[in-house]
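Observations on chain architecture
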There are 2 protein chains.
Amino acid sequence: MTDSSENEKNQVIGELLVQALEREDIDAFRTEFMELHPYDQAKVYSGLNADIRSKVYLYLSPEEMAGLFENIEIDEDEYQNLLGEMDPAYVAEMLSHMYADDAADVLNELDKNQAVSYLTIMDDEAAQDIKDLLRYEEYTAGSIMTTEFIAISAKQTVRSAMHILKKEAPQAETIYYIYVVDDERKLVGVISLRDLIIADDESMISDVMFDRVVAVSVSEDQEEVARTMKDYNFLAVPVVDFQERLIGIITVDDIMDVMDEEASDDYSKLAGVSDMDRVDKNPFAAARKRLPWLVILLFLGMMTASLIGRFEETLSQKAILAVFIPLIAGMAGNTGTQALAVAVRGIATGDLEEENKWKLLLREAGTGLITGATCGVLVIFIVYFWQHDLVLGLMVGVSIFATLIVATLAGSLVPLFMHKLKIDPAVASGPFITTINDIISILIYFGMATLFMSYLS
Amino acid sequence: MTDSSENEKNQVIGELLVQALEREDIDAFRTEFMELHPYDQAKVYSGLNADIRSKVYLYLSPEEMAGLFENIEIDEDEYQNLLGEMDPAYVAEMLSHMYADDAADVLNELDKNQAVSYLTIMDDEAAQDIKDLLRYEEYTAGSIMTTEFIAISAKQTVRSAMHILKKEAPQAETIYYIYVVDDERKLVGVISLRDLIIADDESMISDVMFDRVVAVSVSEDQEEVARTMKDYNFLAVPVVDFQERLIGIITVDDIMDVMDEEASDDYSKLAGVSDMDRVDKNPFAAARKRLPWLVILLFLGMMTASLIGRFEETLSQKAILAVFIPLIAGMAGNTGTQALAVAVRGIATGDLEEENKWKLLLREAGTGLITGATCGVLVIFIVYFWQHDLVLGLMVGVSIFATLIVATLAGSLVPLFMHKLKIDPAVASGPFITTINDIISILIYFGMATLFMSYLS
């Protein structure tokens, strides 16, 4: 069944399940529900209204609920509500059945007291695993890794490794890569399950493993980890501490979430929405996310206005000058945003390394020169044929030419500079660069106007 | 070894390899080179200068070169050069050793005659697989799927399935999901290698497989496929034709590329760069990608200018009016881009479904009302204290208020409308919405000015 028929089917099943819950018919509910993929279970569950939903956990084991919660996609502030509907001891047991990284993600969304209280009633080993993960800073490899991996010694046969694998498979988050460590738990190799299956049963692991294993450091940025994973086509990547000891793995499903999150993040910053605003929020929540930017931009816009205010005298003599203000400011903003986007994506995808930063600036200066010359000449013609005033045309055209060069350079300089200062270059969002370029363009334009003033007809 | 030490190490190895190539020392070259991960091999290879690079293929088997080319990341126009350096028969054999989807990707970048000539000298079976894939339209599931999957019948034991698996493992692109089909090749189930390993050897596949298998249709958009894969945490997803027959699979490594591509694409469209412009291109290539947008915007900007031109009389009486034009147009552009970003991301992530489109518009109207009121009141105060002119303050403030409501609505209406027309909503890029909102805001502002004119001091 394909995606859209899938959706309809899920809706029908959803209704069946609601009816079963209303009748309190455990068997009917479980028969249907347990047939669903955990992602679909989570979708049905989170879509129920609160009083029916609060019955669901009574019909499911903590382990079954753990599978559902590993796949749930809800807003951060809803975890508190959902968990609050269940018995605390049940929640603690559910959390201990979840993969440690997913459980840590859930606890991160709760208020601190509640998280601590679940950890207290949880069984000690599981609680320790989760606590270890909660220590790591957000957006680092440590914060998204899990500790449920399979590590073996190199000094054994493929047969005995397969034996370990079968035993540990139910607990491990992935069994498709097996990591090889030495006596000090230092990472020395990796072998994929695929190679293990193809290999001769009596071969030694040390002979069949790949020993130039690529790992990431626990403190590495999650975006870097995603890039490594994508470049090498890995299904999982090992995480090592500062002594090169294996302490966790990051699986590809978590990396897909990271890629999605980072893409939304960069996108919304370019648009000047601090933090992604979801379509299902109410207008107050949406306005709260957008107003900070709008108010900053309002004040910056007032600066631009006061700058133009200084030329009020000039403007009242030549009102036609005002006509081209939005054109010039708009072109400056657009070209700056284009240059910004290229630099920010270059930094994000790793294409832009230290040695080619100067090359980029030089390139952008050249690009500004070409686009500026093209648009400048076009403008001279258009203004001349429209206003029959060559001096005005030249003035606007030369302004466009100069503005495009400077604005293009500004668009690439700002993110490079932010990156140098270890600030996320995506913060240098579109609206910010647009305002800077508004000011630059107006200074250039009125500078030109002052020069040309006496020649204007 | 972690990522940064990895980089240094690769550089040292790269130099060793270049020296070996210069000495034509095959053994030294192969010893080092074959130790590298194919991604690193590809990086070293594509970084060499042409005359040294053209020797590399003489030292590697077509099969080894196939692994390298499956991992290469180069510009589309470079494939032609790289393949041109090698013997055509060698290239054809290399392509036949690549996974069919990767080989099809390479052929897609060549000019048609060259692609056909490679397919002609290639062995028939491999050529047929690749030709089948080349038929599918770009950006569909068919265009990114591969035909090298493992499909078995439900009527056998786990033991015999494992046997098939071991035999087919070297050819299959993934062995971690085994798909179950009926006599008509219709997809009836799936079992992961993990479950197969845990299962009892004598169990029947029909008893242990998962029979509510999620599949995508061959014509489905690649972005939808990525979403399904991310939601369900799949490592691979089966692709079916219109008779529900299994014809291919899509693996997670290809989906990571899709996610990256779509993110870059949306991002650059928001910034008004048609198609992503990479940091390593020359200024002419960069300018060619940006100029179409800039020229369109230049003409739209001229429309705005001619609109303001109609108020030249008003402006020459009250030059102060010109001072606030960039502020109002800028605020309209910003708020529109914010609303646009939320709608485009909502559509891209699937959060925005048919039933909540009206809800979104209502929400955006509310958001515009709140942000408009806040900014409007702020502006009244600022302008009053700056210019000591209450009427001017009221006029600018009310314009901001009205503009923000209309511009926010426009920002969400445009992408929704495009989506309705089956146009990629990301095309409604930032600069486009900004220009529309420039025009709206200027009409509102001068409309107000005309109303208030006689009261201005």
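Keep in mind the model is a prediction, meaning the values are calculated, not measured.

1. Overview of the overall build of chain A
Of the regular secondary structure elements, chain A holds 23 helices and six strands. By the compact-globule yardstick of 23 Å for 457 residues, chain A is too spread out, its C-alpha radius of gyration being 30 Å. Each principal axis of the C-alpha distribution contributes one length, and for chain A these read about 90 × 60 × 45 Å. Sorting the 457 residues of chain A into buried and exposed places 57% on the buried side. Considering only intrachain contacts with a sequence separation of at least 6, the fraction spanning at least 24 residues in chain A is 69%. Accessible surface, chain A as shown: approximately 19,300 Å² in total, 55% of it carbon and sulfur.

2. Focus on the side chain of arginine 290 of chain B
One can find arginine 290 of chain B in helix H17 (residues 283-309). Residue arginine 290 of chain B is classed as buried on the basis of its relative accessible area of 1%. A polar contact is formed between the side chain of arginine 290 of chain B and the side chain of glutamate 364 of chain A, at a distance of 2.8 Å.

3. Looking at the packing of aromatic side chains
Evaluation of the coordinates by the stated rule reveals 26 aromatic pairs over all chains. Ring geometry for tyrosine 232 of chain A and tyrosine 39 of chain B: centres 4.6 Å apart, planes at 65°, overall edge-to-face. With tyrosine 232 of chain A in helix H15 (residues 222-232) and tyrosine 39 of chain B in helix H3 (residues 38-47), the pair connects residues from two separate chains. Here tyrosine 445 of chain B and phenylalanine 446 of chain B contribute two aromatic rings whose centre-to-centre distance is 5.4 Å and whose plane-to-plane angle is 65°, an arrangement assigned as edge-to-face. The same class applies to tyrosine 445 of chain B as to phenylalanine 446 of chain B, namely buried. Put simply, the rings of Tyr39 of chain A together with Tyr177, Tyr179, Tyr232 and Phe234 of chain B pair up and form one aromatic cluster. Sitting over the face of the ring of tyrosine 136 of chain A, arginine 135 of chain A holds its NZ or CZ atom 5.1 Å from the ring centroid.

4. Re the nonpolar core
Counting residues in hydrophobic clusters, the biggest one holds 198 residues, and the most contacted among them are Phe69 and Leu193 of chain A together with Met65, Phe69 and Leu193 of chain B. Once residues lying within four places of it in the same chain are set aside, the contact partners of leucine 193 of chain A are Met162, Leu165, Ile175, Tyr176 and Ile178 of chain A together with Tyr176, Leu193 and Ile197 of chain B. Listed in part, the 73 residues of the second largest apolar core include Leu294 and Leu297 of chain A together with Ile308 and Leu327 of chain B.

5. Focus: the packing of helix H20 (residues 325-349) of chain B against helix H22 (residues 390-420) of chain B
Residue and element names in this part refer to chain B. Interaxial distance between H20 and H22 falls to 8 Å at its minimum, and their mutual angle equals 30°. Accordingly, the angle class assigned to the pair H20 and H22 is roughly parallel. Remark: the crossing between H20 and H22 carries right-handed chirality. Of H22, the residues touching H20 (which contributes Ile328, Met331, Ala332, Thr335, Gly336, Ala339, Leu340, Ala343, Val344 and Ile347) are Val396, Ser399, Ile400, Thr403, Leu404, Ala407, Thr408, Gly411, Ser412, Pro415, Leu416 and His419. Across the contact of H20 with H22, the residue classes tally to 14 nonpolar, eight polar and no charged.

6. Concerning the packing of helix H21 (residues 357-387) of chain A against helix H22 (residues 390-420) of chain A
Residue and element names in this part refer to chain A. H22 packs onto H21 with a crossing angle of 155° between their chain directions and a minimal axis gap of 7 Å. What the angle tells us is that H21 and H22 run roughly antiparallel. Note on packing geometry: the crossing formed by H21 with H22 is right-handed. Of the residues contributing to the contact of H21 with H22, the split by class is 21 nonpolar, 10 polar and two charged.

7. Overview of unusual backbone geometry
At glutamate 24 of chain A, a residue that is not glycine, the phi angle is positive and equals roughly 55°. When you line up the elements, glutamate 24 of chain A lands in the loop between helix H1 (3-22) and helix H2 (26-33). By relative accessible area, glutamate 24 of chain A is classed as exposed at 51%. Look at arginine 185 of chain B: it is not a glycine, yet its phi comes out positive at around 65°. Here arginine 185 of chain B is to be found in the loop between strand E2 (177-181) and strand E3 (187-192). By relative accessible area, which is 41% here, arginine 185 of chain B ends up partly exposed.

Rules used throughout
Every residue gets a number counted from 1 within its own chain, in the order that chain's sequence is written. Chains carry letters from A onward and ligands carry numbers from 1 onward, assigned in written order. Totals for whole chains, interfaces and linings use all residues, but because this is a predicted model, local features are given only for residues with pLDDT of at least 70 and pairs of side-chain atoms are given and counted only at 80 or more. Where side-chain values are given, they derive from all heavy atoms of the structure, hydrogens and water being excluded. Here a helix means four or more residues in a row that DSSP labels H or I, a strand means two or more in a row labelled E, and each is numbered from the N terminus. A radius of gyration in this sense is built from C-alpha atoms; the matching globule rule multiplies 2.2 Å by the number of residues raised to 0.38. Burial classification: accessible surface area is computed with a 1.4 Å probe over protein chains only, and a residue below 20% of its type maximum counts as buried, one above 50% as exposed, and the rest as partly exposed. Should any heavy atoms of two residues lie within 4.5 Å, those residues are considered in contact. Each accessible area value is a Shrake-Rupley result obtained with a 1.4 Å probe; residue values ignore everything except the protein chains displayed when judging cover. Whenever two N or O atoms come within 3.5 Å, that pair is a polar contact, provided that in protein one can donate a hydrogen and the other can accept it, and provided that, for residues adjacent in sequence, both atoms are side-chain atoms. Put simply, two rings from Phe, Tyr or Trp (the six-membered ring, in Trp's case) pair if the centres are within 6.5 Å, and we call them stacked under 30 degrees between planes, edge-to-face over 60, tilted for the rest. Distance and angle both matter: a charge sits over a ring if NZ of Lys or CZ of Arg is within 6 Å of the ring centre and within 35 degrees of the ring normal. For the purposes of this section, nonpolar cores are sets of buried Ala, Val, Leu, Ile, Met, Phe, Trp, Tyr and Cys residues that join through side-chain atoms within 4.5 Å. Inter-axis angles, ranging from 0 to 180 degrees, are taken between N-to-C directions of lines fitted to C-alpha atoms, where helices are fitted over the stretch in contact. Throughout, the term roughly parallel applies to angles under 35 degrees, roughly antiparallel to angles over 145, roughly perpendicular to angles from 65 to 115, and oblique to all others. The hand of a helix crossing depends on one turn: near helix anticlockwise from the far one by less than a right angle means left-handed, and clockwise means right-handed. Polar here means any residue other than Ala, Val, Leu, Ile, Met, Phe, Trp, Tyr, Cys and Pro, which are nonpolar, and Asp, Glu, Lys and Arg, which are charged; Gly is therefore polar.

Treat this as a map of the structure, not an account of what it does.
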